[in-house]
Amino acid sequence: MSALNEDIFDTPPEKSTLPPKEVVEEKEEIKPVEETPPVEEKKPPTKGKHKKKMSDERRAQLLKNLELGRERSKIKRQMKAQGKKIDKKKADNELKEKILKDLEESKTNTQLNEEIADLRKKLKFIMDEKEKPKPQPKLEPIKEEKPKEEIKISPPLRPKSPLVPIPEPVIQKPKVRCYSVMKGYYYA
């Protein structure tokens, strides 16, 4: 291998028939980095009032208001929580009532089933009695009864009034008025 490498480097390079390329060297100009302090921009003076420092009295008043607001919000939160507890208790009570009502219904159902069973036993007892042959009643001779004395009705104290026909009351029918489209007026 070394012999091959020597042959390549020993031979002079062939000259190309192509025109030579223009070689342009770019020179970069390196500028030294200057460290400049950051420039603080000055704000132009504001028009109107300048903000004053807060006085101790004003600060105390604001802190007091903040404390009062926190107390009020705490009270409101507590009341809301208490209301939710009450609502939850009501919901629990309603649920308990539904459960108790269901239990009562199931008890009544069991009671009704027991009553039905008792009635069936009674009915069976009655049916068994009907199936048994009845003893024939003893025949006794019929006694003749004496006729009772007739009660006499005494005549009325006042004589009856002669029959006078009572006239039947005359029922007057309400007058009905109808409107005639052809004639254009009401008639009876």
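Residues numbered from 1 in each chain as written. Predicted model: local features only at pLDDT ≥ 70, side-chain atom pairs only at ≥ 80, totals over all residues. Heavy atoms only, no water.

Student: What is the right way to look at the overall build of the protein in this model?
Tutor: Helices and strands together make up the secondary structure of the protein, namely two helices and two strands. Among the 188 residues that make up the protein, the fraction classed as buried is 1%. A total accessible area of about 23000 Å² is found for the protein, and carbon and sulfur atoms account for 57% of it. (Helix = DSSP H or I, 4+ residues; strand = E, 2+ residues; numbered from the N terminus. Buried < 20%, exposed > 50% of the residue type's maximum accessible area, 1.4 Å probe, protein only. Areas by Shrake-Rupley, 256 points an atom, 1.4 Å probe, with all protein chains shown as cover.)

Student: Just to check I follow, could you spell out a nonpolar patch on the surface for this structure?
Tutor: Together, L95, I99, L100 and L103 make up a nonpolar patch on the protein surface, roughly 380 Å² of accessible area in all. Relative to the helices and strands, L103 resides in helix α2 (residues 56-131). L103 gets classed as partly exposed once you look at its relative accessible area, which sits at 45%. (Patch = residues over 30% accessible without salt bridge, like charges linked within 9 Å, V, L, I, M, F, W, Y side chains within 5 Å. Salt bridge = Lys/Arg side-chain N within 4 Å of Asp/Glu carboxyl O.)

Student: What should I look at first to understand the confidence of the model for the protein in this one?
Tutor: Detail in the predicted coordinates should be disregarded across regions flagged by low pLDDT. Averaged over every residue, the pLDDT of the protein is 76; the share at 70 or more is 57%. Looking at the elements of the protein, mean pLDDT is at its lowest for helix α1 (residues 2-10), recorded as 56, and at its highest for α2, recorded as 91. (pLDDT = per-residue confidence, 0-100.)

Student: Sorry, what's going on with the environment of Y185 here?
Tutor: When you line up the elements, Y185 lands in the loop between β1 (178-179) and β2 (186-187). Not counting the four nearest positions on each side in its chain, Y185 is found in contact with C178, Y179 and S180. (Contact = heavy atoms within 4.5 Å.)

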